[in-house]
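A structural walkthrough
Below are the chains, spelled out letter by letter.
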Amino acid sequence: MAHLNHGSYGAVPLAVQRAQEQLRIEQERDPDAFLLEAPGRIAEVRRVIAAALGADPDGLALLTNVTEAVAVALDSIPFAAGDEILVTDHGYGVVTRAAERRAAECGATVRTLALPLDDEEDAVVAAVLAALRPRTRLAILDRITSPTARAVAIGPLVRALAERGVLTMVDAAHAPGMLPVEQEIGGADFWFGNLHKWAFAPRPTAVLAVRPEWRERIRPLTYSWEHEQGYPARVEWRGTADYTGWLAAPAGLALLEELGVERVRGHNDRLAGYGQRVLVELAGLSALPATPGVSMRAVRLPAGVAQDEPAAKALMAAVRDGIGARVAVRPWAGGGVLRISAQVYNRPEEYRLLAAGLARLLG
């Protein structure tokens, strides 16, 4: 199987798997000691991750994934009836649904801004700012969008929203390990990213970064014995849980450093770009705008293909069974979007096989 979909679930390197397995062995030798000492060890891991991301360790909390992080962040904002949450049609579906649920609980509304697939960064910034309304309380924007692999929440946009009094949540699911992220973490009110994608951590490992003025307001989804310790400990601890993935996360960061962070990023960017080019040249698909330094690319499928969720899933299954490759396909009106990823284990010939196979599948 050609795994050209690292962006969805990542792939845990063997060295990191072994580090987690050693932690599991340690835990079973003396579960009491392991769990009693776990909060302190998590705090130390948090400091290591914060240093790697250029983040404030006091504002960073370990969580399972972006889905949990957005729920925690949304639950901590006191929305009023009539407030608006702004999202885009390039956002991750579950994040939008979480916003809709929170809005329904407090009489707020969610409005989805449609961004053309071929807009460049400056046009995206202008469109988001033009969409603001007097009651826009919060904007939830992707650092790199999941379906279309493009930048939205860039630094200038986050700063411009803050100047206009609009809170920001940056869905940076793909940023840790793939992008230099210091500026985005410092600018957004809430910033969350997964480490089990591009930072080689075990699944599920994520972080939530919160600006100082919001930290005391953060409400965990469950109460725990660490609650009185305040943020971030109060949202990290969930009693008898498996913390070995979090504790092994530094092994993933260490491997990335050993390989060379810039070397890996450059390799993945070039390989993803190559994959997009062969999909255009051999399969006749249309390239969507690419963000430099991103380890993913997206192409537009022909009109009528993968326009709804069942058709998108069917195409992914056909690519799996007929070509032996894993890709991400998202439905889109007028023709779906297919996304490829690139990681150090991928090879150019995998993208050529995908392109040739898609040419056959799509006729």
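The preceding data block contains the structure.
A few points on the structure. None of these values were measured; they are calculated from a predicted model.

About the cut-offs
Residues numbered from 1 in each chain as written. Predicted model: local features only at pLDDT ≥ 70, side-chain atom pairs only at ≥ 80, totals over all residues. Heavy atoms only, no water. Core = buried A, V, L, I, M, F, W, Y, C linked by side-chain atoms within 4.5 Å. Buried < 20%, exposed > 50% of the residue type's maximum accessible area, 1.4 Å probe, protein only. Helix = DSSP H or I, 4+ residues; strand = E, 2+ residues; numbered from the N terminus. Contact = heavy atoms within 4.5 Å. Pairing = 2+ DSSP bridges. Axes fitted to C-alpha atoms, helices over the stretch in contact; angles between N-to-C directions.

Attention now moves to the nonpolar core. Within the largest apolar cluster, 55 residues are counted, with the highest numbers of intra-cluster contacts made by I49, V128, L141, L157, L161, W191 and V207. Here this core takes seven residues from helix α3 (residues 31-53), the largest share from any one element. Look past the residues within four positions of I49 in its chain and what remains in contact with it is L60, L62, L195, V207, A249 and L253. Core analysis: the second largest hydrophobic core is formed by 31 residues, A108, M169, L208 and W214 among them.

This next bit is on the sheet that holds strand β2 (residues 60-63). Pairing in this open sheet of seven strands is mixed, and the strands run β2-β8-β7-β6-β5-β3-β4 from one edge to the other. A single partner strand is all that each edge strand has here, and the edge strands are β2 and β4 (109-113). Sheet twist, expressed as the mean angle between neighbouring strand axes with direction ignored, is 20°. Pairing analysis gives three bridges linking strand β6 (residues 167-171) to strand β7 (residues 190-194), with the strands arranged parallel. Paired with V170 across the strands is W191, a residue of β7. Together, β3 (84-88), β4, β5 (136-142) and β6 form the strand contacts of helix α5 (residues 93-106), whose direction differs from that of β4 by roughly 150°.

In this structure, the amide linkage connecting R203 to the following residue, P204, adopts the cis form with an omega of -10°. Here the residue pair Y231 and P232 is connected by a cis peptide bond, since its omega of 10° sits within 30 degrees of zero. Note that P232 resides in the loop between β8 (206-210) and α9 (233-236). Look at F200: it is not a glycine, yet its phi comes out positive at around 65°. The backbone of A306 sits at a positive phi, close to 55°, despite the residue not being glycine. Locating A306 in the fold gives a position in the loop between β10 (296-300) and α12 (309-323). Using a relative accessible area of 3% as the deciding quantity, one classes A306 as buried.

Okay, the side chain of T244 next. Tracing the backbone through its elements, the reader meets T244 in helix α10 (residues 244-259). Those residues within four positions of T244 in sequence are excluded, and the remaining contacts are Q20, L23, R24, Q27 and F34.

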